[in-house]
Amino acid sequence: MENVIIIGTGCAGCTAAIYTARASLNPLMLTGTQPGGQLTTTTEVENFPGHPEGIMGPELMMKLQAQAEKFGARIAWASVESITRLADGSFCIKAGEEEYAAKTVIVATGAAPRHLGLPNEQTLIGHGLTSCATCDGAFYRDVPVCVIGGGDSACEEAGFLTRFASKVYLIHRRDTLRASKIMAERTLANPKIVPVWNSTVSAYLTDGKGEMRAIKLTNLKDGGETEVDVACVFVAIGHVPNSSFAGDLVDKDENGYILQQPGRTATKTPGLFAAGDVADHFYRQAITAAGQGCAAALEAERYLSEHA
Ligand code: NAP
């Protein structure tokens, strides 16, 4: 029986592991399907304290993981399907053929990219439809591409893509960016980025081989439709929390974010804690996720000492 199992190895999970490992709780981390979490698909992180020159997202995650392992945290690859609470108050975690038993669980599974819900998008992912510029941007050199969204992610992706693409259309459903001021100003000053305001993508159009060829744009002000040639669409319209496996051990809001006790990381189930983007739809920063990971570790430690 593990003292603590941490599900997720992003900023929240790794920080929870550092703290629980240093408290001699010998934590086990389960990776989930995206080891290292969302920062592994980003480029430079400029706002993580302690890195005045910035740090690449994957490098930051490797360092956080190494720091957790240095204190004895163990990592297993596992895609968790369900958690149940047994009569003695312990937890059973199922992941494929594997079952794990733990006295406490910290859910730090983050969130996955949201898509528009257009009919052919599932078949187009990997064929000109993606949500990761870092992963796929270099495939699209000297061709036009587009980014959908108006937040920090969309601006960051658009800026990164200008290294490769001939032109980056930034398609946003309103006429002002949601992104932070510095990011918005940088984006709009970039001559390779062409903002397309008040517009939404109403169809993905493919060539004879099933690859992205163009998008159909609908102007939300006048309903007008246009077709724009793009070799790839980068979707950056937010995220959906990875919380479905937790079942009714947790309460969730209408968007699936796990509800924590006020000012805490505790959920409605004693011994089950939630940290980071799976529970936080408000801040959603690497550093706030790390902070919640720390808080969850401290709460789990206290819970274990009270239920020894
Ligand atoms: P976000 O801030 O929620 O922005 C999502 C964008 O997508 C918004 O502009 C939204 O439009 C648009 N959108 C949502 N649903 C849509 C739909 N169905 N169709 C078309 N457009 C849609 O998400 P994010 O950009 O991923 O950022 C998430 C958090 O991470 C934020 O707190 C952000 O500050 C942070 N972040 C920070 C950095 C950084 O500091 N370097 C980088 C990336 C992300 P509306 O504006 O109209 O709502």
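For every chain, the first residue of its written sequence is number 1, and the numbers climb from 1 along that sequence. Whole-chain, interface and lining totals are the exception, using all residues; otherwise, since this is a predicted model, local features are given only for residues with pLDDT of at least 70 and side-chain atom pairs are given and counted only at 80 or more. Computation of side-chain values: all heavy atoms of the structure, hydrogens and water removed.

Caption draft 1: Representation of the pairing of strand E6 (residues 82-85) in the model. Two strands pair under a simple rule: DSSP has to find at least two bridges between them. Numbering goes from the N terminus for both helices and strands, where a helix is a DSSP run of H or I of at least four residues and a strand is a run of E of at least two. When E6 meets strand E7 (residues 91-95), the two strands line up antiparallel, connected through four bridges. Counterpart to Ile83 in the pairing with E7 is Ile93. Hairpin connection between E6 and E7: a loop of five residues separates the two successive antiparallel strands, and Gly89 in this loop has a positive phi of roughly 90°.

Caption draft 2: Inspection of unusual backbone geometry at higher detail. At Asp142, a position not held by glycine, the phi torsion is positive, near 60°. Of note, Asp142 is situated in the loop between helix H4 (133-136) and strand E11 (144-148). Note on exposure labels: buried denotes an accessible area under 20% of the residue type's maximum, exposed denotes more than 50%, and partly exposed covers the range between, all computed with a 1.4 Å probe on protein chains only. Residue class for Asp142 comes out exposed when judged on its relative accessible area of 64%. A positive phi angle, close to 50°, is found at Asn198, a residue other than glycine. For Asn198, the location among the structural elements is in the loop between strand E13 (193-196) and strand E14 (199-206).

Caption draft 3: Molecular detail of the side chain of Glu121. By secondary structure assignment, the location of Glu121 is in helix H3 (residues 121-124). Lacking a salt bridge, the buried Glu121 has Arg114 as its closest oppositely charged neighbour, with an N-O distance of 9.8 Å. One polar contact links the side chain of Glu121 to the main-chain amide nitrogen of Leu116, over a distance of 3.5 Å. In contact with Glu121, other than residues within four places in its own chain, are His115, Leu116, Leu129 and Tyr204. When charges are tallied, Lys and Arg are placed among the positive residues and Asp and Glu among the negative ones, while His and the ends of the chain are skipped. Only one rule defines a salt bridge in this text: a Lys or Arg side-chain nitrogen within 4 Å of an Asp or Glu carboxyl oxygen. Whenever a nitrogen or oxygen atom comes within 3.5 Å of another N or O atom, the pair is scored as a polar contact, on the condition that within protein one atom can donate a hydrogen and the other can accept it, and that pairs from neighbouring residues in sequence are kept only if both atoms are in side chains. Residue contacts are defined here by distance: any two heavy atoms, one from each residue, within 4.5 Å place the two residues in contact.

Caption draft 4: Structural context of the pairing of strand E15 (residues 212-219). In terms of strand pairing, E14 meets E15 through seven bridges, oriented antiparallel. Bridged to Ser199 within E15 is Asn219. In the sheet, E15 pairs with strand E16 (residues 225-229) via five bridges, with the strands oriented antiparallel. What sits directly across from Ala214, in E16, is Asp229.

Caption draft 5: Region of the structure containing the pattern of salt bridges. Taken as a whole, this structure holds nine salt bridges when the rule is applied. Of the charged contacts, one joins Glu225 and Lys216 as a salt bridge, the two residues approaching to 3.9 Å between their closest N and O atoms. Residues Asp251 and Lys268 are paired through a salt bridge, measuring 3.3 Å at the closest nitrogen-oxygen approach. Placement of the pair is Asp251 in the loop between strand E18 (239-241) and strand E19 (272-274) and Lys268 in the loop between E18 and E19, with a sequence separation of 17 residues.

Caption draft 6: The sheet that holds E16, seen in detail. Ordered in space as E14-E15-E16, the three strands form an open sheet in which the pairing is antiparallel. Each end of this open sheet is capped by a strand with a single partner; those strands are E14 and E16. Each strand axis lies, on average, 30° off the axis of its neighbour in the sheet, ignoring direction. Fitted lines through C-alpha atoms serve as axes, helices being fitted only where they are in contact, and the angles separating the N-to-C directions of these axes extend from 0 to 180 degrees.

Caption draft 7: Just the packing of helix H1 (residues 11-22) against helix H2 (residues 57-70), in detail. Taken N-terminus to C-terminus, the directions of H1 and H2 make an angle of 20°; their axes are 8 Å apart at the nearest point. Relative to H2, the element H1 lies roughly parallel. For the element pair H1 and H2, the recorded crossing hand is left-handed. Residues Cys11, Cys14, Ala17, Ile18 and Ala21 of H1 touch H2, and the partners they reach there are Met61, Leu64, Gln65, Gln67 and Ala68. The scheme is simple: roughly parallel for angles under 35 degrees, roughly antiparallel for over 145, roughly perpendicular for 65 to 115, oblique for anything else. In this scheme, a crossing is called left-handed if the near helix is turned counterclockwise away from the far one by less than a right angle; it is called right-handed if the turn is clockwise.

Caption draft 8: Structural view of the site of the ligand. Note on definitions. A residue lies near a molecule or strand when any single heavy atom of the residue is within 4 Å of it. Around the ligand, a shell composed of 20 residues is seen, among which Asn47, Asp152, Ser153, Arg174 and Arg178 lie nearest. A distance of 2.9 Å separates an oxygen atom of the ligand from a polar side-chain atom of Asn47. In this description, accessible areas are obtained by the Shrake-Rupley approach with a 1.4 Å probe, and a residue is regarded as covered only by the protein chains that are shown. Burial of the ligand by the protein amounts to 80% of the accessible area it has alone, namely 910 Å². Sorting elements by how many residues they give to the shell around the ligand places helix H5 (residues 152-161) first, with three residues. Its residues placed into classes, the shell around the ligand shows five nonpolar, nine polar and six charged. Side-chain classes follow a simple rule in which Ala, Val, Leu, Ile, Met, Phe, Trp, Tyr, Cys and Pro form the nonpolar group, Asp, Glu, Lys and Arg form the charged group, and the remainder, Gly included, forms the polar group.

Caption draft 9: Local environment of the packing of H1 against helix H7 (residues 286-306). For the pair H1 and H7, interaxial distance at closest approach is 7 Å and the crossing angle is 35°. Considering how the two elements wind past one another, H1 and H7 form a crossing that is right-handed. Contact with H1, carried on its side by Cys11, Ala12, Thr15, Ala16, Tyr19 and Thr20, involves Ala286, Ala289, Ala290, Gly293, Cys294, Ala297 and Leu298 of H7 and no other residues of that element. Of the residues that constitute the contact of H1 with H7, the class distribution is 10 nonpolar, three polar and no charged.

Caption draft 10: Main features of the domain arrangement of the protein. Boundaries of every domain are those given by an automatic assignment or by a domain database. Domain annotation for the protein reports domain 1 (2-112 + 239-306) and domain 2 (115-235). Computed from C-alpha atoms alone, the centre-to-centre distance between domain 1 and domain 2 is 31 Å. Each partner contributes to the interface: domain 1 provides five residues, whereas domain 2 provides six residues. On inspection of domain 1 and its partner domain 2, the count reaches one salt bridge. Between Arg186 and Glu46 there is a salt bridge, and its shortest N-O distance comes to 3.7 Å. Inspection of the region where domain 1 meets domain 2 yields zero residue pairs in polar contact (both at pLDDT 80 or more). Tallied by class, the residues present in the side of domain 1 that touches domain 2 amount to no nonpolar, three polar and two charged.

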